[in-house]
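Listed here are the chains, written in short residue letters.
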Amino acid sequence: MLLPVKWLGEYVNIDEDSKVLADNLTLSGSHVESIISLDKGIENVVVGKIIKLEKHKDADKLFITMVDIGEETIQIVTGATNLKEGDYVPVALVGAKLPNDIYIEKTNFRGVDSYGMLCSLKELGYEDNIIPKYQRDGIFVFDKEYPLGTTVDKVLGLYGEIIEFEITPNRPDCLSIVGMARETAATFNKKLKFPEIKVTNEVEDIKDYVESIEMDKELCNRYYTRVIKDINIKESPLWLQIRLMEAGVRPISNIVDITNYVMLEFGQPLHAFDLDKLKGRKIIVRRAKDEEKIKTIDDIERKLSSSNLVIGDEEGPIAIAGVMGGMDTEVTEETTTVLLESANFNSKSVRLTAKGLNLRTEASSRFEKGIDPNLCEIAAERVCQLVEETGAGKVVKGKIDVYENIREEETIKLRPEKVNNLLGTDLTTDEMIDYLERLELKTSLEGDSVDVTIPTYRLDLSMEVDLIEEIGRLYGFHNIPIKPLVGVLTRGEKSYQRIVEDRARTVLQGMGINEVMTYSFISPKAYDKIKVEVNSQLRDYIKLINPLGEDYSVMRTTLMPNMLDLLSRNYNHGVTECFTYEIGNIFIPKELPIKELPMEKKMLSIGMYGDLDFYDIKEVVQILFERLGIKGYEYVPEKNNPTYHPNRTANINHKGKNIGTIGEIHVDVVENYDMETKVYMAHLDFDEITRESNLERKYKPLPKYPGITRDIAIVVDRDVLVGDLEKIMWKHSEGLIEKVELFDIYTGGQILEGKKSVAFSITYRSYERTLKDEEVNIIHQKIVEDLEKKFNAKLRD
């Protein structure tokens with residue numbers, strides 16, 4: 001934001017130079033970007049009056065002028081075509097210096113001497129983007145008579161400085177001259193001179209011009225209107241044009257310039273509609289219709305959607321609310337009556353509309369940060385005042401103001417003790433009150449606390465710490481003494497879940513399995529590829545509102561598609577064997593459509609292919625569980641999981657809960673992923689694994705007494721589970737079995753069809769005495785008898 005210091009001086013007395021002003025405003029929280037000097041380095045350029053103008057006899061495009069500069073009349077040759085006798089113009093005399101080190105000398109044009117140069121605004125150092133269109137081509141003509149011979153820098157105000165500020169998004173009130181005047185007054189402890197607004201010569205009645213206003217109350221907080229008639233569209237007074245150009249805004253015409261001036265002054269955007277061009281006598285603030293079109297004042301036709309707010313008449317849209325007006329109701333030279341709009345629109349709506357239309361304007365940049373709706377009336381009345389003062393038109397009596405949800409002042413309780421504790425200061429309560437009241441925050445002392453009333457334009461103040469920050473910045477954060485930090489140091493440590501995760505990673509990586517990380521978003525088609533049933537809970541997934549694409553459009557409820565995608569990619573790139581795992585979250589909605597955050601569940605997925613079988617993936621899980629201290633689990637055959645092979649899959653049960661599934665992936669699923677090899681996977685509930693893990697390790701002395709090992713080989717039906725056989729052995733252990741180890745499973749020759757041979761090694765040991773063969777024989781015999789009884793097992797010869 002550009003802040004002309006001369007303009008600022010109209011609202012607060014400034015005795016300091018611009019450098020001191022900028023430094024102190026920076027220290028009080030207003031970030032200064034740069035200081036721009038208005039001094040263009042112009043010398044010997046004065047006001048002159050053209051008293052004679054005639055064409056050059058020997059040059060069709062040149063004119064000879066006689067210019068009165070007060071003390072003398074000089075002859076100047078020019079090529080400008082916008083001049084006439086009686087015009088007051090800037091004259092660069094012989095020896096004059098212009099910006100960019102241009103010096104003026106006596107020149108001869110086709111036999112005619114020229115003793116100087118008539119200047120345009122560009123030649124006086126103004127940028128093209130702020131020069132009025134009607135002044136871009138030709139010599140700059142003053143708006144009225146000025147004392148002849150007066151230096152131009154005095155007339156055009158080419159002295160002083162402009163301070164450029166970077167206004168933070170939380171301080172939209174500072175996007176105005178008055179807002180920065182408040183900051184200046186508070187910083188230097190001076191009184192703010194708020195402009196006195198008064199409209200005195202109103203005529204007729206607004207009801208004769210406008211019937212009513214209909215308003216979308218969700219996206220428009222307030223809509224305030226006035227009517228101005230008998231308008232004479234012309235150039236603005238020079239003082240007004242200079243104010244706008246110094247603030248970086250190009251003058252257009254008197255009415256438009258006044259609305260821009262007030263926007264810069266108070267931060268409230270305004271818009272003037274040509275009332276005679278409106279269809280009907282009603283203003284309708286509504287949402288646009290899908291595919292509805294409007295041609296904006298930049299002469300571009302724009303397509304709207306139902307999310308855009310528009311200002312409309314009885315036939316169609318006439319402006320995009322808070323962004324830009326429409327071409328059909330633009331103020332032109334023929335305009336005689338205008339409807340003045342001073343409104344407050346929903347900041348989010350304006351931001352999304354401006355972004356969607358790729359149309360950022362001075363108005364939208366202010367609305368999208370938030371504006372006090374109570375400014376609407378002040379700004380509109382200020383426009384009417386300036387219209388009267390400049391003779392631009394007559395103000396019609398009355399107003400139409402739609403404002404239901406009135407923004408009221410709020411009160412925040414401030415504890416002085418809290419202020420000093422947080423800032424590290426020793427301020428008295430009176431000093432705190434002084435700082436707050438300098439910011440126009442009303443205070444009242446209530447016991448040990450201070451009640452602070454927040455003006456409606458301070459949208460950034462909502463809690464006690466905000467007030468503490470205000471006190472701190474006016475006191476000066478640089479004035480707060482440096483003190484050592486005080487506190488209790490604590491030692492950081494990992495959570496138990498993180499410890500278990502790290503242990504699991506170490507174990508899996510020690511077995512040669514590589515960790516992978518995949519996206520949490522997958523394609524809904526992935527559930528078809530892994531053959532998930534239509535009514536499965538896995539298909540109760542959350543759909544993303546704005547996905548990157550169909551492949552990343554839902555939140556995963558299983559890690560299996562991600563793992564199979566990764567294995568497939570490696571297989572199809574010629575990798576002959578692959579061993580990978582992932583510890584990641586799945587997302588389970590509590591209800592659909594989703595109304596609250598989903599439940600996040602951590603899962604462990606292990607995938608592998610190569611020269612493997614079911615027992616390889618089983619061994620990996622067993623070693624992992626052993627290292628994590630998980631005991632008492634069992635494998636239960638699973639035949640109904642469509643993702644897995646029906647005869648090579650098992651669920652893992654622990655304490656009555658299913659904590660995962662391991663097995664060979666179904667051949668149809670493998671084909672869906674373009675693979676021609678057997679794939680084995682484990683999909684485990686890692687949250688449950690964490691809860692059941694036991695990482696404590698207790699010392700156990702080496703046994704003093706020898707053990708006795710007995711092998712047992714039996715023939716049983718093929719569908720008998722090894723785990724069930726082991727249960728029988730442990731059942732009769734009487735505390736003397738140390739280990740049961742399966743070392744052989746055999747089918748084939750010498751074994752009957754439908755049977756299998758299973759061989760175990762059983763180690764017996766007592767930690768109190770040396771076992772005798774007779775003791776072991778009794779236990780061993782009980783095991784054999786129970787196996788024969790329960791499973792019709794036969795000892796193998």
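Predicted model, so just to flag it, every value in this text is computed and none were measured. Within each chain, residue numbers correspond to sequence positions counted from 1 in written order. In view of the model being predicted, local features appear only for residues whose pLDDT reaches at least 70, and side-chain atom pairs are presented and counted only at 80 or more, with totals across whole chains, interfaces and linings using the full set of residues. The basis for every side-chain value is the complete set of non-hydrogen atoms in the structure, without hydrogens or water.

Asks: What am I meant to see in the pairing of strand β6 (residues 88–98) here?
Replies: Consecutive side chains along a regular strand alternate between the two faces of the sheet. The cut-offs for exposure are 20% and 50% of the maximum accessible area for each residue type, with area from a 1.4 Å probe on protein chains only; residues under the lower value are buried, those over the upper are exposed, and the others partly exposed. Helix and strand labels come from DSSP, where a helix needs a run of H or I of at least four residues and a strand needs a run of E of at least two; each type is numbered from the N terminus. In terms of burial, β6 is a largely internal element, eight of the eleven residues being buried. Across three bridges, β6 lies against strand β10 (residues 116–118) in antiparallel orientation. Its bridge partner lying in β10, Val91 is registered against Leu118. Between the end of β6 and the start of strand β7 (residues 102–103), which pair antiparallel, lie three residues, with Asn100 showing a positive phi angle near 65°. Any two strands are treated as partners once DSSP identifies two or more bridges connecting them.

Asks: Is there a simple way to explain the environment of Leu264 in this structure?
Replies: For Leu264, the location among the structural elements is in helix α7 (residues 254–266). Taking C-alpha positions, Leu264 is 14 Å from Glu10, a pair spaced 254 residues apart along the chain. Pairs of residues are marked as contacts when any of their non-hydrogen atoms sit within 4.5 Å. Not counting chain neighbours up to four residues away, the residues in contact with Leu264 comprise Trp7, Ser176, Ile177, Leu244, Ala247, Val249 and Arg366.

Asks: What is the right way to look at the domain arrangement of the chain in this model?
Replies: By convention, interface size is frequently given as the accessible area that disappears when the constituent parts associate. Partitioning the chain into domains gives domain 1 (2–38 + 161–188), domain 2 (43–156), domain 3 (206–403), domain 4 (410–474), domain 5 (496–692) and domain 6 (708–795). Domain start and end points were adopted from an automatic or database domain assignment. Taken over C-alpha atoms, the centre of domain 1 sits 35 Å from the centre of domain 2.

Asks: I tried to follow unusual backbone geometry on my own but got confused; where do I start?
Replies: Apart from glycine, the bulk of residues carry a negative phi angle, and the bulk of peptide bonds sit in the trans form. The omega torsion of the bond from Leu592 to Pro593 falls at -5°, within 30 degrees of zero and hence cis. Its identity is not glycine, yet Asn189 carries a phi of approximately 55°, on the positive side.

Asks: When you look at the packing of α7 against helix α10 (residues 375–390) in this model, what are you seeing that I'm missing?
Replies: Axis angle and axis distance: for two packed helices, these are the angle between their axes and the distance between the axes, and together they describe the pair. Between α7 and α10, the least distance of the axes is 9 Å, while the angle of their chain directions is 135°. With respect to each other, α7 and α10 are oriented oblique. Handedness of the crossing formed by α7 with α10: right-handed. From α7, Ile255, Ile258, Thr259, Tyr261, Val262, Glu265 and Phe266 reach across to α10, where they touch Leu375, Ile378, Ala379, Arg382, Val383, Leu386, Val387 and Thr390. Along the lines of polarity and charge, the residues of the contact of α7 with α10 split into eleven nonpolar, two polar and two charged. All axes here are fitted lines through C-alpha atoms, helices being fitted over the stretch that makes contact, and every angle between N-to-C directions spans 0 to 180 degrees. In these notes the angle categories are as follows: under 35 degrees is roughly parallel, over 145 is roughly antiparallel, 65 to 115 is roughly perpendicular, and the rest is oblique. Crossing chirality is assigned from the near helix's rotation relative to the far helix, an anticlockwise turn below a right angle marking it left-handed and a clockwise turn marking it right-handed. In this classification, Asp, Glu, Lys and Arg are treated as charged, Ala, Val, Leu, Ile, Met, Phe, Trp, Tyr, Cys and Pro as nonpolar, and every other residue, Gly included, as polar.

Asks: What exactly am I supposed to notice about a positive patch on the surface here?
Replies: Taken together, Arg503, Lys631, Arg697 and Lys700 make up a surface patch of like positive charges. Structurally, Lys631 is set in the loop between α17 (614–627) and β33 (633–637). Patches draw on residues past 30% relative accessible area with no salt bridge. Two like charges within 9 Å are joined, as are two nonpolar side chains (Val, Leu, Ile, Met, Phe, Trp, Tyr) within 5 Å. Each accessible area is a Shrake-Rupley result for a 1.4 Å probe, and residues are judged covered by the shown protein chains and nothing else. Just to be clear on terms, a salt bridge is a Lys or Arg side-chain nitrogen sitting within 4 Å of an Asp or Glu carboxyl oxygen. In summary, the charge assignment counts Lys and Arg as positive and Asp and Glu as negative, without counting His or the chain termini. Every charge is mapped to an atom, namely NZ of Lys, CZ of Arg, CG of Asp or CD of Glu.

Asks: Honestly, the sheet that holds strand β12 (residues 212–215) in this entry has me stumped. Any pointers?
Replies: Sheets are built from strands that pair by backbone hydrogen bonding, the pairs being arranged parallel or antiparallel. With mixed pairing, the five strands of this open sheet are ordered in space as β12-β15-β18-β19-β20. Each of the sheet's edge strands pairs with one partner strand only, and the pair in question is β12 and β20 (324–325). Relative to strand β15 (residues 282–287), β12 is paired through four bridges, and the arrangement is parallel. The residue of β15 that forms the bridge with Met215 is Val285.

Asks: Can you walk me through helix α6 (residues 238–246) in this structure?
Replies: Along an α-helix, residues three or four apart share an orientation, since each turn contains 3.6 residues. With respect to burial, α6 is a largely interior element, eight of its nine residues being buried. Residues of α6 that are buried: Leu238, Leu240, Gln241, Ile242, Arg243, Leu244, Met245 and Glu246. Each element contacted by the buried residues of α6 is listed here: β1 (2–4), α1 (5–8), α3 (133–136), α4 (152–155), β11 (161–166) and α7. Backbone geometry just after α6 places Gly248 at a positive phi near 85°.

Asks: What is the right way to look at the packing of helix α14 (residues 496–510) against α17 in this model?
Replies: Two elements in contact, α14 and α17, have axes separated by 10 Å at closest approach and are oriented at 140°. With respect to α17, the axis of α14 lies oblique. Handedness of the crossing formed by α14 with α17: right-handed. Each of Arg503, Ala504, Val507 and Leu508 in α14 lies in contact with α17, whose residues at this interface are Val620, Ile623, Leu624 and Arg627. Looking at the contact of α14 with α17 residue by residue, the class counts come to six nonpolar, no polar and two charged.

Asks: For this particular structure, what's the right way to read the nonpolar core?
Replies: In a soluble, globular protein the nonpolar side chains are often hidden away together inside. In this structure, Tyr223, Ile283, Val285, Ile311 and Phe345 are the most contacted members of the largest nonpolar core, which totals 87 residues. In terms of residue count, the dominant contributor to this core is α10 (seven residues). Those residues in contact with Ile283 that lie beyond four places of it in its chain are Ser212, Ile213, Glu214, Tyr223, Leu278, Ile311, Gly312, Ile318 and Leu339. Definition used in this section: a nonpolar core is a set of buried Ala, Val, Leu, Ile, Met, Phe, Trp, Tyr and Cys residues joined via side-chain atoms within 4.5 Å. One finds Val507, Tyr581, Ile659 and Leu684 within the second-largest nonpolar core, a separate group that totals 30 residues.

Asks: Even after reading the chapter, I still don't get the environment of Ile104, so can you show me in this structure?
Replies: Looking at the element boundaries, Ile104 is found in the loop between β7 and β8 (107–109). Once residues lying within four places of it in the same chain are set aside, the contact partners of Ile104 are Ala92, Leu93, Val94, Gly95, Ala96, Leu98, Gly116 and Met117.

Asks: Is there a simple way to explain the sheet that holds strand β30 (residues 554–555) in this structure?
Replies: Strand order in the open sheet formed by three strands is β28-β30-β29, with antiparallel pairing between adjacent strands. The sheet is open, and its two borders are formed by β28 (521–522) and β29 (542–543), each paired with just one other strand. Bridge count between β29 and β30: two bridges; the pairing is antiparallel. By the bridge assignment for β30, Ile542 is matched with Met555.

Asks: It is not clear to me how a nonpolar patch on the surface should be interpreted in this structure. Could you clarify?
Replies: A cluster of nonpolar side chains, Tyr519, Phe521, Leu548 and Tyr552, forms an exposed patch at the surface whose accessible area comes to about 480 Å². Mapped onto the fold, Phe521 is located in strand β28.

Asks: Looking at this structure, I do not really get the pattern of salt bridges. What am I missing?
Replies: Counted according to the given criterion, the structure contains 66 salt bridges. Here Asp502 ties to Arg505 by a salt bridge, and the two come within 3.8 Å at their closest N and O atoms. Here Asp502 and its partner Arg505 are both found in helix α14, three residues apart, which amounts to about one turn of the helix. According to the relative accessible area criterion, Arg505 is buried, its value standing at 18%. Linking Asp528 and Arg539 is a salt bridge whose minimum nitrogen-to-oxygen distance equals 2.7 Å. With Asp528 in helix α15 (residues 526–529) and Arg539 in the loop between α15 and β29, the pair connects residues that are eleven residues apart, well separated along the chain. Judged by its relative accessible area of 48%, Asp528 is partly exposed. Connected through shared salt-bridge partners, Arg171, Asp173, Glu183, Arg458, Asp460, Glu470 and Arg473 make up one network.

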